[in-house]
Amino acid sequence: MEKYDAIVVGAGTAGCLAAKTIAESGLKVCLVEKKKREEIGEKICGDALGEHHLKFLGLEKPTGGELEAKIDGIKIYSPDENTVFTIADKDFIGFLLNRRLFGQWLLKKATDKGAVLQDNMNFRSPIIEKDAVVGITAKNMATGKVTEMRSKVVVDASGYFGMVRKQLPPEMGIDRDIANQDVEACYREIRQLKQETENTRFCEIYLNQTASPGGYIWIFPKGGARVNVGLGICMRKNYPNPKQQLYETAFKKPIFDGSLVLTAGSWFDPVRRPLDNMVSNGVMLVGDAASLVNPIHGGGIGPSMLSGYFAGQQIVEALSKGEPTKEALWGYNKKYIDTYGKKQGSLDIFKMFLLSCSDEDLNYGMNEKLMTEDDVLKAGMGDDFHLNITETAKRVFRGLRRVGFLNRLRLTVTMMKGLRAHYNTYPTTPIGFDAWRDQTVKLIEEGRQKLL
Ligand SMILES: Cc1cc2nc3c(=O)[nH]c(=O)nc-3n(C[C@H](O)[C@H](O)[C@H](O)COP(=O)(O)OP(=O)(O)OC[C@H]3O[C@@H](n4cnc5c(N)ncnc54)[C@H](O)[C@@H]3O)c2cc1C
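Overview of the structure.

Cut-offs applied
- Residues numbered from 1 in each chain as written.
- Predicted model: local features only at pLDDT ≥ 70, side-chain atom pairs only at ≥ 80, totals over all residues.
- Helix = DSSP H or I, 4+ residues; strand = E, 2+ residues; numbered from the N terminus.
- Rg over C-alpha atoms; globule rule 2.2 N^0.38 Å.
- Buried ≥ 20, exposed ≤ 12 C-beta atoms within 10 Å, placed from the backbone.
- Contact = placed C-beta atoms within 7 Å.
- Near = placed C-beta within 6 Å.
- Nonpolar A, V, L, I, M, F, W, Y, C, P; charged D, E, K, R; others polar.
- Domains from an automatic or database assignment.
- Pairing = 2+ DSSP bridges.
- Axes fitted to C-alpha atoms, helices over the stretch in contact; angles between N-to-C directions.
- Core = buried A, V, L, I, M, F, W, Y, C linked by C-beta atoms within 7 Å.

**A short note on the overall build of the protein**
Here's step 1: Helix and strand counts for the protein come out as twelve helices and 18 strands.
Here's step 2: At 22 Å, the protein has a C-alpha radius of gyration in line with the 22 Å of a compact globule built from 452 residues.
Here's step 3: Its C-alpha atoms give the protein principal-axis dimensions of roughly 70 × 55 × 40 Å.
Here's step 4: In the protein, which comprises 452 residues, the proportion classed as buried is 50%.
Here's step 5: Pairs at least 24 residues apart make up 72% of the contacts formed inside the protein by residues separated by at least 6 positions.

Here it is in structure tokens:
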């Protein structure tokens, strides 16, 4: 029987970073992936990645085929398209990727360090003994043979469906289900336009609560007169069909006249706070499997790589000291929450605010600068944004016609601050977690009740 220090299920961006980090330390790690090797990286995605994520992880900038276009920032359009916020901050500089080649680039980094890839292998179930995950079973898609593979730790990097997570017994203390209201159903196409657009350096985001309730429409330039265009919708009850909505709105724009569909498809984006706990005995969750996506813009490539990196580091540390118990792996929770998770948490509240706004609210709020570019920039970077007194007075004056909007914005800012302060108290060990978690659920529920 095959035996590894770690098995990573899924060779997406999260899995490759986890495998690379573990292999770098000399430990034996196996990446189990259901796709064939050459298909790894293929993903229905907006393909946008902020440069700062790569910098943080010590990865070089993409320069080969994995890079399709460089981006200087984002433009956010009000629903009536009369107001455009242009955010060209250094934290919004980035890249439009060729997703398959970027995936292959990351995979090579992992295998070059010694990670073993078992592709065309479909994970079936975790092997659990004495309250700990000790391996997996997987089916070879070419031969149909089911194999048992053993390891000290199993990392669930299988993406949105959290294939390992879903099969863990409740006693392991990891949430198995993600509520639909925390997920965006997305439809995306890559289109060849008849001619290059005027804008080739900015990702465009169109807010439109009628077309894409709780989400947005995006048009991202990919170079060579190609664009990545899509739409995400919050899966609250009776949500409309994303493909239909995209065809009835974005594709009516003149730039799409005579354009060609290069590729198309649908997928899900879990846009919420991170799972409150992502570890148990012999098991860890990374990337989409742990809901590590920015709740506002839906970007998950950066956080998924970050989580893979932190999880890998934690495994190396835990195994150097002894058994990979829940206690020994807990530091990963703390590290992720302190670095990116608390921002995700507070943005969950900002998402509720946006969900509560009508198109008229957003038009008025953006046109009259009740909500400013600076607010969006700070919120996007996870900074606390306070409305100072002079500024607030000016906004109140401008907002007299929409007092409700301004009040909700102020309440949102206060609640985001409260949640962030709470995340700063994330426990350093599993002791105290239950109380912390109860308070988190309470604060999020309070947000829903007051804002939605
Ligand atoms: C439409 C859309 C647009 C998006 N746009 C952006 C964007 O522009 N920028 C951004 O940063 N993020 C974006 N995201 C989010 C981003 O794509 C994800 O957050 C990110 O890819 C998560 O990486 P991951 O490695 O966790 O999961 P995934 O990339 O989903 O990788 C999971 C891997 O596990 C494998 N797997 C699954 N089941 C099994 C199994 N049973 N056995 C073996 N292997 C298995 C899969 O084949 C896959 O290779 C978007 C998401 C969507 C849906």
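**Some words on the site of the ligand**
Here's step 1: In the vicinity of the ligand, 39 residues are found, and the nearest of them are Gly-10, Gly-12, Gly-46, Gly-287 and Gly-300.
Here's step 2: Broken down by secondary-structure element, the contributors of at least two residues to the shell around the ligand are α1 (13-24), β3 (48-50), β9 (121-129), β12 (183-192), β16 (260-270) and α5 (301-321).
Here's step 3: The residue inventory of the shell around the ligand, partitioned by class, reads 16 nonpolar, 15 polar and eight charged.
Here's step 4: A domain-level breakdown of the shell around the ligand finds at least three residues from each of domain 1 (2-47 + 98-178 + 273-329) and domain 2 (181-270).

**Quick notes on the sheet that holds strand β6 (residues 84-87)**
Here's step 1: The mixed open sheet is built from seven strands, whose spatial order is β6-β5-β13-β14-β15-β12-β16. The open sheet has two free edges, formed respectively by β6 and β16, since each of these has just one partner strand. On average, adjacent strands in this sheet sit at an angle of 20 degrees to one another, irrespective of strand direction.
Here's step 2: Sheet topology places strand β5 (residues 73-77) next to strand β13 (residues 202-206); five bridges connect them, and they run parallel. Bridged to Tyr-77 within β13 is Tyr-206.

**Regarding unusual backbone geometry**
Here's step 1: Of note in the backbone geometry, Asp-47 takes a positive phi value of approximately 70 degrees without being a glycine.
Here's step 2: Mapped onto the elements of the fold, Asp-47 is located in the loop between β2 (29-32) and β3.

**What to know about the nonpolar core**
Here's step 1: Counting 127 residues, the largest nonpolar core has Val-9, Val-155 and Met-284 as the members making the most contacts within it.
Here's step 2: Broken down by element, this core gets its largest block of residues, ten residues, from helix α7 (residues 331-356).
Here's step 3: In this structure, Met-284 is in contact with Val-153, Val-155, Met-278, Val-279, Ala-311, Leu-329 and Tyr-332, ignoring residues within four places of it in sequence.

**Re the environment of Gly-26**
Here's step 1: Looking at where Gly-26 falls in the secondary structure, it is placed in the loop between α1 and β2.
Here's step 2: Residues Gly-26 and Asp-5, spaced 21 residues apart in sequence, show a C-alpha to C-alpha distance of 10.0 Å.

**As for the pairing of β12**
Here's step 1: The buried count for β12 comes to nine of ten residues, which makes it a mostly enclosed element.
Here's step 2: With ten bridges connecting them, β12 and β16 associate as antiparallel partners. Note that in β16 the partner of Cys-186 across the bridge is Trp-267.
Here's step 3: Pairing between β12 and strand β15 (residues 226-234): nine bridges, direction antiparallel. Residue pairing for β15: Cys-186 is matched across the bridge by Gly-232.

**Quick word on the sheet that holds strand β7 (residues 94-97)**
Here's step 1: Ordered by their spatial adjacency, three strands build an open sheet running β3-β7-β4, and the pairing between neighbours is antiparallel. What marks the edges here is a single partner per strand, and that holds for β3 and β4 (67-71). Strand after strand, the sheet turns through a mean of 30 degrees between neighbouring axes, direction not considered.
Here's step 2: Where β3 meets β7, three bridges bridge the pair, whose relative direction is antiparallel. Of the residues in β7, the one forming a bridge with Gly-50 is Gly-94.

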